[in-house]
Amino acid sequence: MALELPANFNIEKIKKLNIFENPLKMFFPKKMVGIDVGTASIKIVEISRWGQGKTLENYGEIKSVSLFKEPFRNVEKGSYMLSNYFVSRAIRAVLDEARIRTKGAIFSIPDFSTFCTSFDLPPMTAKELNDAVYYNAPQYIPLPVTETTLDWKLISGIPGDKKSPLRIFLVAIPNQIIQDYQKVAQLAGLELYAVEAEALGLARSLVREKKGCICVIDIGAQSTTINVVDKLNLKKSFSFDFSGNQLTYSISSALGLGHVEAEELKNREGLISAKEEISKTLYLLVDPLILETKRVLSDFYQQENKDVDLVYLTGGTAALPGLKEYFQEILKKNVEIPNCFSELLYPPILGRTLENMAPSFSVATGVALGGLEI
Ligand SMILES: Nc1ncnc2c1ncn2[C@@H]1O[C@H](COP(=O)(O)OP(=O)(O)OP(=O)(O)O)[C@@H](O)[C@H]1O
Ligand SMILES: [Mg+2]
């Protein structure tokens, strides 16, 4: 489910990602670029499709600190800190460096710029469903509908079955945000194929089990999302105010260190640091995240009567030493750091490098894969 651009955006290349709505299967692109403009870095992947197989053609990343002092995006401003022009130049630099020539691109939209919810509708036919979603959506989203683009997916129930209530997962994105991405794509010489909420990209690149429920937690530099995916369907997505940057700032002020030194210490020693000041500082910040995860899982159990079987940690901060083990100990569930590249073909020599980078690339990979779905 990638968000289509509304017709009034006057974009020539509006294509549907749902094959059932597009009989011209052969016009599906063979290559797609996925772009995640994160706070700490911009991640770009290029993936190609041949039959059922997919190949990681190229990838690249540019860290904001290497270019500018400011992060690429910022919660307070809703979108970027930097101008569209600078973001597009940074993207162009990665594309050139990684020799990515594919023009079609899908951008992920950050969790703090999207609104996700789910709601029930009474039994109805598939034909009635679209209108019913748009008619009912305004009561579930806190944004003016006229300034918002909506995307939705049926996550349970059977249209046409008179006894089957229908559950809808709805994503709302402010039009201004979409316009920003259109501008960035254009300035970077790309053709915007679609935009998609981060959480949907994550679910696609990491969750392959058709059975069971998985909680996917993405911990980036500025924000965290806790998502529940049930049988490949994203059912819940919450944004939470926990971030890798916050961990670095706390170490830096607790130990009186500069940012670079504090960042290095955090990444190298993390929760298992022999220095009590470091581990204590980090535990104090990690505990609320675990509590929040517990709350999401228990709410999910109450609403759906289903237990989450597995927890995935992703995003750069997933690599914090000791974090996976601590989650496992407190939640008493299997916790893994999945590799978003593991189902793709790539030269084996890159295996170790890609494994280390994978947590930061989950979103970019997922949105690129969305453009290649058949
Ligand atoms: N080994 C490590 N241990 C702990 N944290 C790490 C490690 N490696 C990277 N990080 C942290 O990961 C963060 C970057 O992760 P990521 O690339 O997922 O962020 P982002 O997508 O740019 O941010 P956001 O999604 O919040 O906008 C930084 O805060 C960095 O300090
Ligand atoms: Mg991110």
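See the structure printed just above.
Since this is a predicted model, take the numbers as computed values, not measurements.

Caption draft 1: Local environment of the overall build of the chain. Helices and strands together make up the secondary structure of the chain, namely 10 helices and 13 strands. Of all 374 residues assigned to the chain, the portion counted as buried reaches 55%. On the chain, roughly 17,900 Å² of surface is accessible, and the fraction owed to carbon and sulfur atoms is 52%.

Caption draft 2: Examining the packing of aromatic side chains more closely. As enumerated under the stated definition, the model contains 6 aromatic pairs in all. Both rings, one in Tyr59 and one in Phe361, keep their centres 6.2 Å apart while their planes meet at 90°; by these two values the pair is edge-to-face. One end of the pair, Tyr59, is in strand S3 (residues 53–63); the other, Phe361, is in helix H10 (residues 351–370), with 302 residues separating them in the sequence. The class for Phe361 is buried, based on a relative accessible area of 1%. With a centroid separation of 5.9 Å and 50° between ring planes, the pair formed by Phe341 and Phe361 is classed as tilted. Of the two residues, Phe341 sits in the loop between strand S13 (334–336) and H10 while Phe361 sits in helix H10, which places them 20 residues apart along the sequence. Ring pairs connect the aromatic residues Tyr59, Phe341 and Phe361, which therefore count as one cluster. A cation sits over an aromatic face here: Arg295 above Phe238, 5.9 Å from the ring centre.

Caption draft 3: Representation of the sheet that holds strand S7 (residues 166–174) within the structure. Spatially, the 3 strands line up as an open sheet ordered S5-S7-S6, and their pairing is antiparallel. Two strands lie at the open edges of the sheet, namely strand S5 (115–121) and strand S6 (148–156), each paired on one side alone. This sheet shows a mean twist of 25° between the axes of neighbouring strands, independent of strand direction. Two elements, S5 and S7, share 7 bridges in a ladder whose sense is antiparallel. Among the inter-strand pairings, Cys116 is bridged to a residue of S7, identified as Val171.

Caption draft 4: Local environment of the nonpolar core. In this structure, Ile35, Ile42, Ile44, Ile91, Phe107, Leu190 and Phe341 are the most contacted members of the largest nonpolar core, which totals 63 residues. There are two domains that each give this core at least three residues, and those are domain 1 (7–114 + 173–208 + 343–370) and domain 2 (213–336). Once residues lying within four places of it in the same chain are set aside, the contact partners of Phe107 are Ile35, Val37, Ile91, Tyr181, Val184, Ala185, Leu190, Leu192, Ala194, Val195 and Glu196. Counting residues in each nonpolar core, the second largest holds 32 residues, with Ala262, Val286, Phe300 and Phe327 among its members.

Caption draft 5: Spatial organisation of the side chain of Asn233. Structurally, the position occupied by Asn233 is in strand S11 (residues 233–240). Excluding residues that lie within four positions of it along the chain, Asn233 makes contacts with Lys153, Ile155 and Val228.

Caption draft 6: Region of the structure containing the packing of helix H6 (residues 244–255) against helix H8 (residues 276–304). The contact between H6 and H8 brings their axes to 10 Å, and the two run at 140°. On the basis of the axis angle, H6 is oblique to H8. Here H6 runs over H8; the crossing is right-handed. Along its contact with H6, which presents Gln246, Leu247, Ser250, Ile251, Ala254 and Leu255, the element H8 presents Glu277, Ile278, Thr281, Leu282 and Leu285.

Caption draft 7: Up close: the sheet that holds strand S9 (residues 213–219). Pairing in this open sheet of 5 strands is mixed, and the strands run S11-S10-S9-S12-S13 from one edge to the other. Each having just a single partner strand, S11 and S13 make up the two edges of the open sheet. Across the sheet, the axes of successive neighbouring strands diverge by a mean angle of 20°, strand direction being ignored. The pairing of S9 with strand S10 (residues 224–230) spans 7 bridges and is classified as antiparallel. Considered in S10, the bridge of Val216 is made with Asn227. Contacts from helix H9 (residues 323–331) reach S9, strand S12 (310–314) and S13, with the element oriented near 160° to S13.

Caption draft 8: Geometry of the pattern of salt bridges. On inspection of all chains with the given rule, the structure shows 14 salt bridges. Here Glu61 and Lys63 are joined by a salt bridge, their closest N and O atoms 3.8 Å apart. In this structure Glu61 comes out as partly exposed when scored by relative accessible area, which is 33%. A salt bridge links Glu269 to Lys275; the nearest nitrogen and oxygen atoms lie 3.7 Å apart. Owing to a relative accessible area of 17%, Glu269 belongs among the buried residues under this scheme. By relative accessible area, which is 42% here, Lys275 ends up partly exposed. Through salt bridges with shared partners, one network takes in Asp230, Lys235, Glu304 and Lys306.

Caption draft 9: Local environment of the environment of Ile177. Tracing the chain through its elements places Ile177 in helix H4 (residues 175–187). In this structure the C-alpha to C-alpha distance between Ile177 and Thr149, which are 28 residues apart in sequence, comes to 9.8 Å.

Calculation notes
- Residues numbered from 1 in each chain as written.
- Chains lettered and ligands numbered in written order.
- Predicted model: local features only at pLDDT ≥ 70, side-chain atom pairs only at ≥ 80, totals over all residues.
- Heavy atoms only, no water.
- Helix = DSSP H or I, 4+ residues; strand = E, 2+ residues; numbered from the N terminus.
- Buried < 20%, exposed > 50% of the residue type's maximum accessible area, 1.4 Å probe, protein only.
- Areas by Shrake-Rupley, 256 points an atom, 1.4 Å probe, with all protein chains shown as cover.
- Phe/Tyr/Trp six-rings, centres within 6.5 Å; stacked < 30°, edge-to-face > 60°.
- Lys NZ or Arg CZ within 6 Å of the ring centre and 35° of its normal.
- Pairing = 2+ DSSP bridges.
- Axes fitted to C-alpha atoms, helices over the stretch in contact; angles between N-to-C directions.
- Core = buried A, V, L, I, M, F, W, Y, C linked by side-chain atoms within 4.5 Å.
- Domains from an automatic or database assignment.
- Contact = heavy atoms within 4.5 Å.
- Parallel < 35°, antiparallel > 145°, perpendicular 65-115°, else oblique.
- Left-handed = near helix turned anticlockwise from the far one by under 90°.
- Salt bridge = Lys/Arg side-chain N within 4 Å of Asp/Glu carboxyl O.

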